[in-house]
Amino acid sequence: ESMKDTVRAPEQLARKFGVSSLGTLFRWSSTEVEQGVLVLKASPTSGYAEALRQIRANVQFATMNLPGNALLVTSPGAGEGKSTMIANLAVAVAQTGKKVVLVDGDLRRPSIHRLFSTVNREPGLSNYLANLGPDVEDIVSQSEDGDIDVIPSGPTPPNPSELLGSPKMKELLKILRNEYDQVFVDSPPLLPVADGAILGDQMDGAIIVVDAFGTRSASLDVALGALKRTNVNILGVIINKLRTRRFGYDYQYPYYYYYSYRQYYGQPEDSEKSSGVLGIPKRVFGKARGVFSSKKKH
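Residues numbered from 1 in each chain as written. Predicted model: local features only at pLDDT ≥ 70, side-chain atom pairs only at ≥ 80, totals over all residues. Heavy atoms only, no water.

Student: It is not clear to me how the sheet that holds strand S4 (residues 141-142) should be interpreted in this structure. Could you clarify?
Tutor: Hydrogen bonds between backbone atoms are what pair the strands of a sheet, whose relative direction is either parallel or antiparallel. Pairing within the open sheet is mixed, and its eight strands lie in the order S1-S8-S7-S2-S6-S3-S5-S4. The outermost strands of the open sheet, each flanked by one partner alone, are strand S1 (21-26) and S4. Alignment of strand S3 (residues 100-104) against strand S6 (residues 182-186), held across five bridges, turns out to be parallel. Counted as the bridge partner of Leu 102 is Phe 184 from S6. Relative to S6, helix H4 (residues 82-94) is tilted by about 170 degrees, and along the sheet it contacts S1, strand S2 (70-74), S3, strand S5 (148-151), S6, strand S7 (205-211) and strand S8 (234-242). Against the sheet, helix H10 (residues 217-228) touches S2, S7 and S8, its axis set at about 170 degrees to S7. (Pairing = 2+ DSSP bridges. Helix = DSSP H or I, 4+ residues; strand = E, 2+ residues; numbered from the N terminus. Contact = heavy atoms within 4.5 Å. Axes fitted to C-alpha atoms, helices over the stretch in contact; angles between N-to-C directions.)

Student: Looking at this structure, I do not really get the packing of aromatic side chains. What am I missing?
Tutor: The description of two aromatic rings rests on the distance between their centres and on the angle between their planes. If you walk through the whole model with that rule in mind, you get zero aromatic pairs. Just above the ring of Tyr 180 sits the side chain of Lys 99; from NZ or CZ to the centre is 5.1 Å. Residue placement shows Lys 168 over the ring face of Tyr 128; its charged tip is 4.6 Å from the ring centre. (Phe/Tyr/Trp six-rings, centres within 6.5 Å; stacked < 30°, edge-to-face > 60°. Lys NZ or Arg CZ within 6 Å of the ring centre and 35° of its normal.)

Student: Where do I start with H10 in this structure?
Tutor: In an α-helix, one full turn covers 3.6 residues, which means residues spaced three or four apart are oriented alike. Given a rise of 1.5 Å per residue, twelve residues ought to cover 16 Å, and the 16 Å separating the end C-alpha atoms of H10 matches this to within 8%. The set of residues buried in H10 consists of Ser 217, Leu 220, Ala 223, Leu 224, Gly 225, Ala 226 and Leu 227. (Expected span 1.5 Å × (residues − 1). Buried < 20%, exposed > 50% of the residue type's maximum accessible area, 1.4 Å probe, protein only.)

Student: Explain the environment of Val 119 to me, please; I cannot follow it from the model alone.
Tutor: With respect to the helices and strands, Val 119 occurs in the loop between S3 and helix H5 (125-129). Sequence-wise, Val 119 and Glu 144 are 25 residues apart; in three dimensions their C-alpha atoms are separated by 8.5 Å. Every residue in contact with Val 119, bar those within four places of it in the chain, is listed here: His 113, Ser 141, Gln 142, Val 150 and Pro 152.

Student: I'm lost on helix H3 (residues 47-62) in this one. Help?
Tutor: For H3, with 16 residues, the first-to-last C-alpha span of 23 Å sits near the 22 Å given by 1.5 Å per residue. Taken as a whole, H3 has its buried residues at Gly 47, Tyr 48, Ala 49, Glu 50, Ala 51, Leu 52, Ile 55, Arg 56 and Val 59.

Student: So what exactly am I meant to see when it comes to empty space enclosed by the protein here?
Tutor: In this approach the atoms are scanned with a rolling probe the size of a water molecule, which exposes any empty space left behind. Scanning the entire structure with this criterion turns up one cavity of 30 Å³ or more. Of the voids in this model, the largest cavity is the one considered here, and its volume is about 40 Å³. Forming the boundary of the largest cavity are Arg 56, Val 59, Gln 60, Thr 63, Leu 71, Val 93, Lys 98, Gln 182 and Phe 184. Mapped onto the lining of the largest cavity, the elements with two or more residues apiece are H3 and S6. (1 Å grid on protein atoms, 1.4 Å probe; cavity = no way out; pocket = protein on both sides within 12 Å on 5 of 7 lines; lining within 4 Å. Points joined across faces, edges and corners; volume = space filled by probe spheres on them.)

Student: Help me understand the side chain of His 113, please; the structure alone is not making it clear to me.
Tutor: Locating His 113 in the fold gives a position in the loop between S3 and H5. Dropping the residues within four chain positions of it, His 113 is found in contact with Asp 104, Val 119, Asn 120, Arg 121 and Pro 152.

Just geometry here; none of it tells us what the structure is for.
Spelled out as structure tokens, the structure:
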């Protein structure tokens, strides 16, 4: 456990790093939700969707006193799920009736356009920032349901850091702040390149997404330091890709809650999987007995 040293526990964030937890999201099961999809649309009654709604509520509370509405979502390293997280979070906020725009500020390895079937990569942000012709309205696309607007990345430029730190980017953010209730900006990871810190200097708040089994404590510490130097308001951390079956009581509780939610909303009462105590599947409850009995011994 000590050798792995990854960021898995919400209480660790406040104690060790001085930041708040904005919520946790389990590693998606391919049997329940297809990887890389907008879960609030594909499976709105799943436990994953409910976890995203809880994250949405925490973000809304954390942004109550911000001077503006532009939020950066980033991560310490690559592959930690920030792009999928920000896309789902944008959809979740739009479902409350707010006008939302999602900007793909990752000009190096963009992926936001892949999550929306109606969004093409070009023209996009890099075209606008490089003064290649399109106006703001020309680079804005609508999602399939028309619930959020998306600004894709555009083609990969030779100088992404310079474009993201240009006056043109500041001008775009000013326009978006006035036009939308909520502006989400996806950025490259903080540790490999400087783009995230450059964008952070222009944002009203920042959210960091970490991989529960992949992000080292030292990596998060360095990433937080990079953002703090930009004086951006760090709203908190979202723990992503959490796996719970191998842990003790502290991690088992959300696992049971998740399955209870599935049984209540997603499974018929006479289903074989739902047979168990209090709606918890037998295989899960059998595990729970071992956990609770170990708690009694201590």
